[in-house]
Amino acid sequence: GAGVSQSPRYKVAKRGQDVALRCDPISGHVSLFWYQQALGQGPEFLTYFQNEAQLDKSGLPSDRFFAERPEGSVSTLKIQRTQQEDSAVYLCASSLGGQGRLLRNIQYFGAGTRLSVL
Amino acid sequence: ELKVEQNPLFLSMQEGKNYTIYCNYSTTSDRLYWYRQDPGKSLESLFVLLSNGAVKQEGRLMASLDTKARLSTLHITAAVHDLSATYFCAVSTGNQFYFGTGTSLTVIP
């Protein structure tokens, strides 16, 4: 596609409910990132994929958060038993990836999914 | 953990004026990025800076990098209303990106 697409754009969940957020990266982009952006803050790194391999999940705040990218393209971020503190905008970004040229590392962001946990 | 600090956090300026946003980071990084975010929209890449002394310009925005001071600046020249947005700097080490808290810029006619 032309850009990174995320769905849904808005999600309201009751506390304790499980949610799944989807990210469609730019076609051909090897690297995929998930970020959490709280109101008035900068994005905070959650996890990183290179193709289907999850190479870094150090930013996931708890074991209730799980991300996958089984075929190396679309990715899903799942949050189990949502809590109010999970309310934030979840951003997905993709990049060409790999070493070498500087431009391969530029991350292109989706518009995000705004999650509100009541 | 790498820390990234921006100042000011909020900036209100008149059209036609100049101003500078500062981005400090705590440890050596590979690259420094500047992004723009409009309300409810995704982050848009503005600049990527790699080496000490790098300077890049696009329109009324100019970014520079001093790796020894661990400082990047985003200079705005003769601001116009269309520049109103939140500006983030980010530094990368390996595959991790660390973002500043952002500078919310409002340009007043």
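Parameters and conventions
- Residues numbered from 1 in each chain as written.
- Chains lettered and ligands numbered in written order.
- Predicted model: local features only at pLDDT ≥ 70, side-chain atom pairs only at ≥ 80, totals over all residues.
- Heavy atoms only, no water.
- Disulfide = S-S within 2.5 Å.
- Helix = DSSP H or I, 4+ residues; strand = E, 2+ residues; numbered from the N terminus.
- Buried < 20%, exposed > 50% of the residue type's maximum accessible area, 1.4 Å probe, protein only.
- Pairing = 2+ DSSP bridges.
- Contact = heavy atoms within 4.5 Å.
- Buried area = accessible area lost by both parts, 1.4 Å probe.
- Salt bridge = Lys/Arg side-chain N within 4 Å of Asp/Glu carboxyl O.
- Polar contact = N/O pair within 3.5 Å; in protein donor to acceptor, adjacent residues only side chain to side chain.
- Axes fitted to C-alpha atoms, helices over the stretch in contact; angles between N-to-C directions.

When the sulfur atoms of two cysteines share a covalent bond, that bond is a disulfide. Enumeration according to the criterion identifies two disulfides over all chains in this entry. Two residues, Cys23 of chain A and Cys92 of chain A, share a disulfide whose sulfurs are 1.9 Å apart. Sign of the S-S torsion, about -65 degrees for the bond between Cys23 of chain A and Cys92 of chain A, identifies this disulfide as left-handed. Of this pair, Cys23 of chain A sits in strand β3 (residues 19–24) while Cys92 of chain A sits in strand β9 (residues 88–95), and the two are 69 residues apart along the sequence. There is no split in this pair, since Cys23 of chain A and Cys92 of chain A are both buried. In this model, Cys23 of chain B is linked to Cys89 of chain B through a disulfide, with the two sulfur atoms separated by 2.0 Å. Around the S-S axis, the bridge from Cys23 of chain B to Cys89 of chain B shows a dihedral of about 80 degrees and counts as right-handed.

Another point: the pairing of strand β6 (residues 55–58) of chain B. Residues and elements named next belong to chain B. Strand direction decides the pairing type here: β6 and strand β7 (residues 61–66), joined by four bridges, are antiparallel. Residue pairing for β7: Glu58 is matched across the bridge by Leu61. Hairpin connection from β6 to β7: two residues lie between these consecutive antiparallel strands, with Gly59 at a positive phi of about 60 degrees.

Turning our attention to the interface of chain B and chain A. The interface of chain B with chain A comprises 19 residues on the first partner and 21 residues on the second. Both faces considered, chain B and chain A share a buried interface measuring about 1600 Å² in area, 56% of it formed by carbon and sulfur atoms. Three residues stand out in chain B for area buried against chain A, namely Asn95, Gln96 and Phe97 of chain B, and they jointly supply 30% of the buried area on that side. Linking chain B to chain A there are zero salt bridges. One can count six residue pairs in polar contact (both at pLDDT 80 or more) joining chain B with chain A. Among the secondary structure elements, those contributing two or more residues to the side of chain B that touches chain A are β4 (31–37), β5 (43–49) and β10 (96–99) of chain B.

Residues and elements named next belong to chain A. Buried residues dominate strand β4 (residues 31–37), accounting for seven of its seven residues. Where β4 and strand β5 (residues 44–50) come together, six bridges link them in antiparallel fashion. When the sheet's bridge partners are listed, Tyr35 is paired in β5 with Phe45. Taking the residues between adjacent antiparallel strands as the criterion, β4 and β5 are bridged by six residues, where Gly40 takes a positive phi near 75 degrees. Two strands pair when backbone bridges link them, and β4 and β9 are joined in this way by seven bridges, in the antiparallel orientation.

To continue, consider the sheet that holds β3 of chain A. Residues and elements named next belong to chain A. Strand order in the open sheet formed by four strands is β1-β3-β8-β7, and the pairing between neighbours is antiparallel. Taken across any chain shown, the strands that pair with only one partner, and hence form the sheet edges, are β1 (5–7) and β7 (65–68). Here the average twist between neighbouring strands, direction ignored, is 15 degrees. Relative to strand β8 (residues 75–79), β3 runs antiparallel, the two being bridged by five bridges.

Before going further, it helps to spend a moment on the environment of Ala78 of chain B. Residue and element names in this part refer to chain B. With respect to the helices, strands and loops of the structure, Ala78 is situated in the loop between β8 (71–76) and β9 (85–93). Residue Ala78 is classed as partly exposed on the basis of its relative accessible area of 24%. Put simply, Ala78 and Leu61 are 17 residues apart on the chain and 9.4 Å apart in space, counted from C-alpha to C-alpha. With residues near it in sequence (within four places) discarded, Ala78 still touches Gly16, Lys17, Asn18 and Arg60.

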